[in-house]
Amino acid sequence: MPLSLRRGSVTAVTERHEGLVRCEVDGEPCVAYPDVTGPVALGDDVVVNVQARELALGSGGFDVLHANLTRGLRVAAAPGAHVMKLPYTPLQFAARHVEEEGPQVERLAGTPVVCCSLHSQLAPVCAALDGLRVAYVQLAGGALPLALSDTVRALRARGLVAASASAGACFGGDVECVTVASALAWAGGYDVAVCAIGPGIVGTASRLGHGGIAAAEAANAAASLGGRPVLAVRASSRDARERHRGVSHHTRAVVELATPEALVAWPAGADAPDWLTRREEVDAGRWREACAGLPLEHMGRGPDDDPLFFESAFAAGALARRLTG
């Protein structure tokens, strides 16, 4: 399991956001996480991980800055931090975790928890929750750095997400949490929690070997803590792959693994497969209006290309909204 590393120079800095820099190294696109590897500037001597680009991965086709030899060799750990992210790997770093701040509430007391198997479901789910205080919990299963998500930045700017937590190996949220359960307990202080994997997804075309399974794990944790889990269905009328057409086999696996207490949201009036008997139909008719101006894209398709995908995700937010009473 080798790392594919090369050395180069930063030749352009194209974007700066909190926790994220998009740049070029010797002319090739690269992302950097300055909170981890130190600040980035033109001309820096850096080492980048090139493996995803060399493999031509669709959602990871860029280099990632691995080490900044100019200004990142003596970056100190965050004050008071001692719990490691990515522990015992060459990438380990210490981060302060919310569990260290003192006793946490350990019951959700009926808080709705929307569980998404894809990051691209996040925007329509949150659009349906406009006006409520929404906590976003990022789950492992896709990208681990929360700062990589342009969607989360857009939702924060619109007031559709109030705060964020990065659970487990994920990092870069307003708070870091050791487990998904503790992240959900933290989120119980908000009106609704929305869980999703980060951008991209780990996938193997198998029933269980994909990042979307994190949605079932989150639903089970939410139910155990006294929350009300809602599963967002991955559905498509335009996906070229048969296993993802209609209701995706990812969703079928999530439904089968999730507790029976988890509600499965479905847009009223849409045709559902016979096996999806555990479904709660909800009016999602205003999804286009509510999602206007938000970054809506899934596998290169937008709302006009694949409306069922975004409508079914919006339905999950609409159901969670109804559960708030």
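Trainee: Describe in detail the pattern of salt bridges, supporting the description with residues and values.
Mentor: Here the structure, examined in full by the defined rule, presents 18 salt bridges. Residue R7 is joined to D45 by a salt bridge in which the shortest nitrogen-to-oxygen separation is 2.5 Å. Here the residue R7 occupies a position in strand β1 (residues 5-17), and D45 occupies one in strand β4 (residues 45-49), the gap between them amounting to 38 residues. For D45, a relative accessible area of 21% puts it in the partly exposed group. Across the pair E176 and K85 runs a salt bridge whose closest N-O atoms are separated by 3.1 Å. With E176 in strand β11 (residues 175-177) and K85 in strand β6 (residues 83-85), the pair connects residues that are 91 residues apart, well separated along the chain. There is no split in this pair, since E176 and K85 are both buried. Through salt bridges with shared partners, one network takes in R6, D26, E28, R53 and D63.

Trainee: I'd like to hear about the sheet that holds strand β8 (residues 112-115), residue by residue, with values.
Mentor: Taken in spatial order, the eight strands make up an open sheet running β11-β10-β9-β12-β8-β13-β16-β17, and their pairing is parallel. Of all the strands in the sheet, the pair left with one neighbour each is β11 and β17 (280-282). Along the sheet, successive strands turn relative to each other by an average axial angle of 30°, direction set aside. With three bridges connecting them, strand β10 (residues 163-167) and β11 associate as parallel partners. Each bridged residue has a counterpart across the sheet, and for A167 the counterpart in β11 is C177. Strands in contact with helix α5 (residues 180-187) are β8, β9 (134-139), β10, β11 and β12 (192-197); relative to β9, the strand with the most contacts, it is inclined by about 170°. In the packing of helix α6 (residues 214-224) onto the sheet, contacts are made with β8, β9, β12 and β13 (228-231), and the angle to β13 comes to roughly 160°.

Trainee: Quick rundown of the nonpolar core? Include the residues and the values.
Mentor: Residues V114, V125, C126, L129, L155, V194 and F314 are the most contacted members of the largest nonpolar core, which totals 41 residues. Taken together, the elements giving at least two residues each to this core come down to α3 (122-127), β9, α4 (150-157), β12, α8 (287-291) and α9 (307-323). Looking at this core element by element, the count peaks at ten residues for α9. Leave out the neighbours within four places in its chain, and L129 touches V134, V192, V194, G317, A320 and R321. If you look at the next biggest cluster of nonpolar residues, it comprises 40 residues, including V137, A187, A262 and V264.

Trainee: An account of unusual backbone geometry is requested, with residue identities and associated values reported.
Mentor: Phi at L86 takes a positive value of approximately 50°, unusual for a residue other than glycine. Assignment of secondary structure puts L86 in the loop between β6 and β7 (93-95). What makes L86 buried here is its relative accessible area of 19%.

Trainee: Can you tell me about the state of the cysteines, naming the residues and giving the values?
Mentor: Any covalent bond linking the sulfur atoms of two cysteines counts as a disulfide. Per the stated rule, a full pass over the model turns up zero disulfides. In this model C177 remains outside any disulfide bridge; the closest cysteine sulfur is found in C170, 11 Å from its own. Between C195, a free cysteine, and C115, which holds the nearest cysteine sulfur, the sulfur-to-sulfur gap is 5.0 Å.

Trainee: Outline the environment of K85, listing residues and values.
Mentor: The buried category is assigned to K85, whose relative accessible area is 1%. Sequence separation of K85 and V152 is 67 residues, and the distance between their C-alpha atoms is 21 Å. Among the polar contacts made by the side chain of K85, one reaches the main-chain carbonyl oxygen of C170 at a distance of 2.5 Å. Among the polar contacts listed, one links the side chain of K85 to the side chain of E176, at a separation of 3.1 Å.

Trainee: Could you give me a rundown of helix α7 (residues 249-257), with the residues and numbers involved?
Mentor: Every buried residue of α7 is listed here: H249, H250, T251, A253, V254 and V255. The residue sitting at the N-terminus of α7 and contributing the capping side-chain oxygen is S248; that oxygen lies 2.9 Å from the backbone nitrogen of H250.

Criteria and thresholds
- Residues numbered from 1 in each chain as written.
- Predicted model: local features only at pLDDT ≥ 70, side-chain atom pairs only at ≥ 80, totals over all residues.
- Heavy atoms only, no water.
- Salt bridge = Lys/Arg side-chain N within 4 Å of Asp/Glu carboxyl O.
- Helix = DSSP H or I, 4+ residues; strand = E, 2+ residues; numbered from the N terminus.
- Buried < 20%, exposed > 50% of the residue type's maximum accessible area, 1.4 Å probe, protein only.
- Pairing = 2+ DSSP bridges.
- Axes fitted to C-alpha atoms, helices over the stretch in contact; angles between N-to-C directions.
- Contact = heavy atoms within 4.5 Å.
- Core = buried A, V, L, I, M, F, W, Y, C linked by side-chain atoms within 4.5 Å.
- Disulfide = S-S within 2.5 Å.
- Polar contact = N/O pair within 3.5 Å; in protein donor to acceptor, adjacent residues only side chain to side chain.

The values reported here are purely geometric and, on their own, carry no functional implication.
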